[in-house]
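# Architecture at a glance
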Amino acid sequence: MTDFHGRHKAEISLIVNGELKKVRAYPMERLLDVLRFELGLTGAKEGCGEGECGSCSVLMNGALVNSCLVPVLQAAGTSIVTIEGLAKRDTLHVLQEAFLECGGAQCGICTPGMILAAVHLLNAKPQPTVDEIREGLSGNLCRCTGYAQIVEAVAEAARRRSSV
Amino acid sequence: MNTERIVGKSVPRKEGRDKVTGESKYVDDMVLPNMLFGATVRSQVPRGRITKITFGPGIAWEEFVVVSAKDIPGKNCIALIGEDQPCLASEVVNHPEEPILLLAHPDRHLLPQAIAAISIDYEPLPAIFTIEQSEHRFEIIWGEDNVFKTYLIEKGSLDGIWEKADYIVEGEYSTGAQEQLYIENNGMIAAYDEAQGITVWGSLQCPYYIHKALMALCNFPAEKVRVVQMETGGAFGGKEEYPSMIAAHAALLAIKAGRPVKIIYDRMEDMVATTKRHPSRTRHRTAVSRDGKILGGEIDFTIDGGAYATLSSVVLSRGVIHAGGPYYWPSVRIRAKAVATNAPPHGAFRGFGAPQSLFAMERHMDRIAQIVGLSPVEIRRRNFLQAGQATTTEQVVREPIDLGKLLDRALDVSDYEAKKQRFAKQNQLGASKKGMGIAAFLHGAGFTGSGERYLSSVVGVEGCADGSVRVLVSSTEFGQGTKTVLSQIAAEALRLPYENVSMAQPDTLEVPNSGPTVASRTVMVVGKLVQSAALGIAQTLISSGLLREGYSPDAFRAACQQHVAKHGAIRSWSRYEAPSGIFWDDQAYRGEAYAAFAWAIYIAEVTVDLTTYSVSVDDFVALQEVGKVLHPLLARGQIIGGIAQGIGFSLYEKVVWQNGRMQNGQMTNYIMPTSSDLPPIRVFFEELGNIHGAYGAKGIGELPMDGPAPAIVNAIEDALGVPFDSIPLLPEDIMVGLAASSPVSSMGGGE
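Residues numbered from 1 in each chain as written. Chains lettered and ligands numbered in written order. Predicted model: local features only at pLDDT ≥ 70, side-chain atom pairs only at ≥ 80, totals over all residues.

All names here are of chain B. Taken together, the three strands give an open sheet; going across it, the order is β4-β2-β6, and neighbouring strands pair in antiparallel fashion. A strand with exactly one partner marks an edge of an open sheet, and here the two such strands are β4 (92–93) and β6 (118–124). Relative to β6, strand β2 (residues 48–55) is paired through seven bridges, and the arrangement is antiparallel. Directly across from I50, in β6, lies its bridge partner Y122. (Pairing = 2+ DSSP bridges. Helix = DSSP H or I, 4+ residues; strand = E, 2+ residues; numbered from the N terminus.)

This paragraph deals with the nonpolar core. All names here are of chain B. One finds A190, A250, A251, A490 and V530 to be the most contacted residues of the largest nonpolar core, which totals 290 residues. Ranked by the residues each element gives to this core, the list is headed by helix α6 (residues 242–257), at 12 residues. Those residues within four positions of A251 in sequence are excluded, and the remaining contacts are A190, I198, V200, L214 and C218. (Core = buried A, V, L, I, M, F, W, Y, C linked by C-beta atoms within 7 Å. Buried ≥ 20, exposed ≤ 12 C-beta atoms within 10 Å, placed from the backbone. Contact = placed C-beta atoms within 7 Å.)

The end-to-end C-alpha distance of helix α15 (residues 522–543) of chain B is 30 Å, a good match for the 32 Å that 22 residues give at a rise of 1.5 Å each. Phi turns positive, to about 85°, at G545(B), one or two residues after α15(B). (Expected span 1.5 Å × (residues − 1).)

To continue, consider the sheet that holds strand β13 (residues 280–288) of chain B. Residue and element names in this part refer to chain B. Reading across from one edge, β7-β15-β14-β13-β8-β28 is the order of the six strands in this open sheet, with mixed pairing throughout. Two strands in the sheet have a free side with no partner beyond their single neighbour: β7 (147–155) and β28 (726–727). When strand β8 (residues 167–175) meets β28, the two strands line up parallel, connected through two bridges. Paired with T175 across the two strands is I727, which belongs to β28.

Further remarks concern the interface of chain A and chain B. Listed by partner, the interface residues are 41 residues for chain A and 40 residues for chain B. Taken together, the elements giving at least two residues each to the side of chain A that touches chain B come down to α2 (94–102), α3 (111–124), α4 (130–136) and α5 (148–163) of chain A. In terms of residue class, the side of chain A that touches chain B is made up of 20 nonpolar, 14 polar and seven charged. (Nonpolar A, V, L, I, M, F, W, Y, C, P; charged D, E, K, R; others polar.)

The next thing to look at is the domain arrangement of chain B. All names here are of chain B. Taken domain by domain, chain B comprises domain 1 (16–24 + 457–575), domain 2 (33–125 + 189–263) and domain 3 (280–448 + 589–741). Between the C-alpha centres of domain 1 and domain 2 the distance comes to 35 Å. With 14 residues of domain 1 at the contact, the number on the domain 2 side is 17 residues. Looking at the side of domain 1 that touches domain 2 residue by residue, the class counts come to five nonpolar, eight polar and one charged. (Domains from an automatic or database assignment.)

Residue and element names in this part refer to chain B. Examined against the element boundaries, E139 turns out to sit in the loop between α3 (131–135) and β7. We classify E139 as partly exposed; it has 15 C-beta atoms within 10 Å. Residues E139 and N500 lie 361 residues apart in sequence; the distance between their C-alpha atoms is 60 Å.

Okay, α6(B) next. Residues and elements named next belong to chain B. Between its terminal C-alpha atoms α6 stretches 23 Å, which fits the 22 Å expected from 16 residues at 1.5 Å a residue. Counted residue by residue, α6 has 15 buried out of 16 residues, so it is predominantly covered. Looking at the residues trailing α6, positive phi occurs at G258, about 70°.

Turning our eyes to something else, we now look at the environment of A148(A). Relative to the assigned elements, A148(A) resides in helix α5. Residues A148(A) and C102(A) lie 46 residues apart in sequence; the distance between their C-alpha atoms is 9.5 Å. Apart from residues lying up to four places away in sequence, A148(A) is in contact with I640(B) and I681(B).

All right, on to the domain arrangement of chain A then. Often, the extent of an interface is quoted as the loss of accessible area upon association of its parts. All names here are of chain A. You can read the domains of chain A as domain 1 (10–85) and domain 2 (94–163). Here the C-alpha centroids of domain 1 and domain 2 sit 21 Å apart. Domain 1 puts 14 residues into the contact, and the matching count from domain 2 is 13 residues. The element that contributes the greatest number of residues to the side of domain 1 that touches domain 2 is strand β3 (residues 57–60), accounting for three residues.

Right, here's the structure in full:
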């Protein structure tokens, strides 16, 4: 079977949420589609398909990427973390907990990407200022919250992590 | 005994855990076996007669399911208030992006190529694109006069007031279209089988609107149509009426294909083809006394409805009723009309006409203040509606609202007077100027006038086999917290723990029609019905002898289990009844327009950079009286989110039109605020209560959309000394406005 660019599917290996996955996909297929439709990980969302909204954000080797802009071939051999990989069984990640408690999720569609952007931010800056949080999340659009309760959630998560 | 244990507390959001773990299922997350993907072929011209449709070479057309208007089993319309909007255009098109054909194929990657291979020939017809062109009837494109709807509100007499006036203040104000820009694009899945009929799952606000539209379209009885809401990723009114169109398209494809069909819009299709906020123009002419009192006036409010009537008449209604703001008008004449243009129909968006007419009113108050020589604070104070006075529709304000006191508190927390003085000094120097702006406003909760009576909403509460309670409503969750707050209300009414109450997913097979999830009506109107339906469950258990008054949650659970084991599920229903003493005259447009108003004072502090002409909002104070706040965290989230959209409406979000089509249908070039763009938004509540709402609640969803635009533009005028009366107000508009106002143009400077 050939794709719309006339190319063939290839077998691509990548580590997703700590597990090795092999998928057959067109090399230029978007990582987002492979995650959602091949691997059934529907937590990453498509909001714009052009890297503006950040709803499809995932971590690739620790870097925050818009998975709608990443051809899956580029993800071969990398380690991907999606929202499904954050909670450990029934225990929520500290950011997931803080989002719940601070009102960081309203309609929830930007939430997976937003939380991954926040994970990325706190990995780089464990104790960010409010301005650094606002700057760090500015690639992820949210239409519901006006961001305030998201920013508060990230600050709260940073506080909790530092007090552990 | 503490009588309010659950309402008033920020309990965990019902569906919150699924949202933060990514487990929530939105429509695009759902896959059915054998499912096809659908797409829409749309008009490329604003108005014309379709003369020929050609299916071009290079496409295996036999693999595609193709639907045209001929395949519609029932009426070719999207039934709403009227029936003028076709589901698929057959002979003529009336706006760009109007749906003409539908395609479905198992491989969604093939759909764009197939759409590109279809060419449609048109005999072009003249089109009109502005309110003015429509009014001047350059071309009649709808009905006999391009007018969807008019209203006239008359209070008192204007005879002699212009002669009596010390000042006559005139102004014209306009607002642009605004895209709802929910982050989840529209989408629907439909499946058909002969025995069960059609089922659709989708991203939507109003299951029963779609139910009604599909019945008419397919000529099916009610039981052969089922509508199920999936988790919905934002709506803001943008998923009120257009989802009926998408559901209709998915249904037609599914019926013809005999397989399930999924239609998911991409961002550009969603932005260019679906509804937006109505552009508006408002003219004010006001007679004012020397001491700044409004004696009377004329207001002319006009909105651009696009090519079909859809919801324009009701948007216009809310707009016209709010046009006089929170002020006392001894006499007034307000004319309103919605006109047709060859653009995709404009539709519901948070605020629903009120942000448009209130922008005009609040800009006009600042203009009056300036002409009379009073401060923006004083002019408002002297004209505020007082308890016991009547609004423009002669609705007497029965609640003890004191807007002067509300204003005092907002001035205090914003440090208004001190800042204004400081800025006046600072502004004489420097390359940036700062200003303060006020907006005072009100927002009616629930359907307008007789609307709630016509809706006649029904709510159910069910006692389940495990002894828990389930709320049955068609009210949808799309971020506001519907599931959480209605559960709180049921738990409160039954004195049960919040965890013992669950919400049925809106599914027309399971839930009654509790009306659409719009108009800030869910908590106030539906919530009140949930409260009484919940009490019905306790009454049933008590009268059956299984439960005693003053019961404990454990006793309730046991009684409920016993009752269900013996008699099956217990269901208690509650239907809306208009409160007595509420009078509304649809002909005269007079009477009690809303069961309750929320009231607010917003104050914006801005800086205008004179090098880039960009505006930053530095501080924003939002003080509102919203009855009882049932969930402080969610309420604050609603207010801040609404203000963020209002800031976008004022300063960022500009739809660029060309021949009726949006040219900037991408997030790259239609800009909404990011987390770095927004100021600290400080939210304050006053809680007077409300006898018509559940536990004293009023509606709050739309209120915060009304105030930001006038507060911000008033602040910009305060900073620059130049008035701006049109939004969105982008840096280039400020540059042009400043250049036009200065006697020696500083632009172009070389000549």
